[in-house]
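Each chain, letter by letter, is given below.
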Amino acid sequence: MTLKTIGVVGGGTMGQGIAEMLAARGLDVLIAEKTPEKLDHALEMITISLDKQIERWAITAAEKKLIVAKIKKADSLQDLAVCDMVIETITEELNAKKHVFFQLNQICPPSVILASNTSTLSVTEIAAVTTNPERVIGMHFLHPVAKIHLVEIIRAMKTSDETYERTRDFVDQLIQKKSIKVFESPGYITTRLICTLINEALHTLSEGVASAEDIDSAMRIGYDFRYGPLEMCDRFGLDSVQAALEVMFRDYGDIKYRPSFLLKQMVRAGNLGVKTGEGFFRYDKDGDRL
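Residues numbered from 1 in each chain as written. Predicted model: local features only at pLDDT ≥ 70, side-chain atom pairs only at ≥ 80, totals over all residues. Heavy atoms only, no water.

Glancing now at the nonpolar core. Counting residues in each nonpolar core, the largest one holds 34 residues, and the members touching the most others are Leu22, Ile87, Met139, Phe141 and Phe170. Counting residues per element, this core draws most heavily on helix 1 (residues 13-24), at 6 residues. For Phe170, the contacting residues outside a window of four places in its chain are Leu3, Ile6, Leu22, Leu27, Met85, Met139 and Ile175. Val9, Val86, Leu114 and Ala156 belong to the second-largest nonpolar core, a separate cluster that totals 23 residues. (Core = buried A, V, L, I, M, F, W, Y, C linked by side-chain atoms within 4.5 Å. Buried < 20%, exposed > 50% of the residue type's maximum accessible area, 1.4 Å probe, protein only. Helix = DSSP H or I, 4+ residues; strand = E, 2+ residues; numbered from the N terminus. Contact = heavy atoms within 4.5 Å.)

What follows is the structure, encoded as structure tokens:
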């Protein structure tokens, strides 16, 4: 069964990136948000992203028009009943995700794959609120979605072989990214490793070993990282990094996952990184370093 129409629940940074990427691959996308205002903002941000690509000559105006035409607004979750797959990309909060999946379970026919873009949470626990847990799977995209050609496919306890195979074919063939199979574990591979690095960079900074700029330069130049760990933290969102570390600290019980006190201070101060314009570094409204 070919997957042609994909629903995206959540129009935040990840939802925008996933919707834009899917449309660029020629798929029809229905995007849903809590309010019409948030939905309009998501589509506006996708348009801004495409305009920036035109400025770089990465795409043409005609290509932008085709991509935009592929993305439609869903007035409610009920509109997603026509989708072949639905990808949930809302906030990393377990009860909120469970509520969305409980609703999708009632709306979408049993043949529809329900995927969560969670980076740390239990897909098994999310699937438990549905009557067809075998069709629930984790599909963790990395930011920025268009540039990172990797997707972690997370098998929950009851995910069926058919659901996994269809999802893997979707990732490898339809959207042409590299899939890796992960058996459920807090943080999976990417979040578990990168958050540990970020947390250690935060300890290094708080101990006064080096400046934020020099810590990032050490990893960016010395190990060929695109961004240093502190700028990564800014781009992920300091609150999101803290939430991920807290989930892993709670589930693994290992002190290496305990969020740095400096991270907690920054979050309390409202310095969340790119989305607030300031974290360990400062950024303009387009997310570029100042």
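Residues annotated by UniProt as "domain: 3-hydroxyacyl-CoA dehydrogenase C-terminal" (unreviewed entry) correspond here to residues 187-283. Regarding residues 187-283, the helix share stands at 62% and the strand share at 0%, and the terminal C-alpha atoms are separated by 27 Å. (UniProt positions renumbered as here; feature names shortened; annotations may be inferred.)

Turning next to the packing of helix 7 (residues 190-206) against helix 8 (residues 212-222). One way to put it is that helix 7 packs onto helix 8 with a least axis distance of 10 Å and a crossing angle of 140 degrees. Judged by the angle between their axes, helix 7 and helix 8 are oblique. Along this stretch, helix 7 crosses helix 8, giving a crossing that reads as right-handed. Packed against helix 7, whose contacting residues are Leu197, Ala201, Thr204 and Leu205, the element helix 8 presents Ala212, Ile215 and Met219 at the interface. (Axes fitted to C-alpha atoms, helices over the stretch in contact; angles between N-to-C directions. Parallel < 35°, antiparallel > 145°, perpendicular 65-115°, else oblique. Left-handed = near helix turned anticlockwise from the far one by under 90°.)

Bringing the packing of helix 2 (residues 36-55) against helix 3 (residues 61-70) into the picture now. Helix packing for two helices is described by the angle between their axes and how far apart those axes are. The interhelical angle for the contact between helix 2 and helix 3, taken along N-to-C directions, is 160 degrees, at an axis separation of 10 Å. As summarised for this structure, helix 2 and helix 3 are arranged roughly antiparallel, according to the angle between their axes. Crossing geometry of helix 2 relative to helix 3 is assigned as right-handed. On the side of helix 2, the interface is formed by Thr47, Leu50, Asp51 and Ile54, while helix 3 contributes Ala61, Lys64, Ile67 and Val68. Grouping the constituent residues of the contact of helix 2 with helix 3 by class yields 5 nonpolar, 1 polar and 2 charged. (Nonpolar A, V, L, I, M, F, W, Y, C, P; charged D, E, K, R; others polar.)

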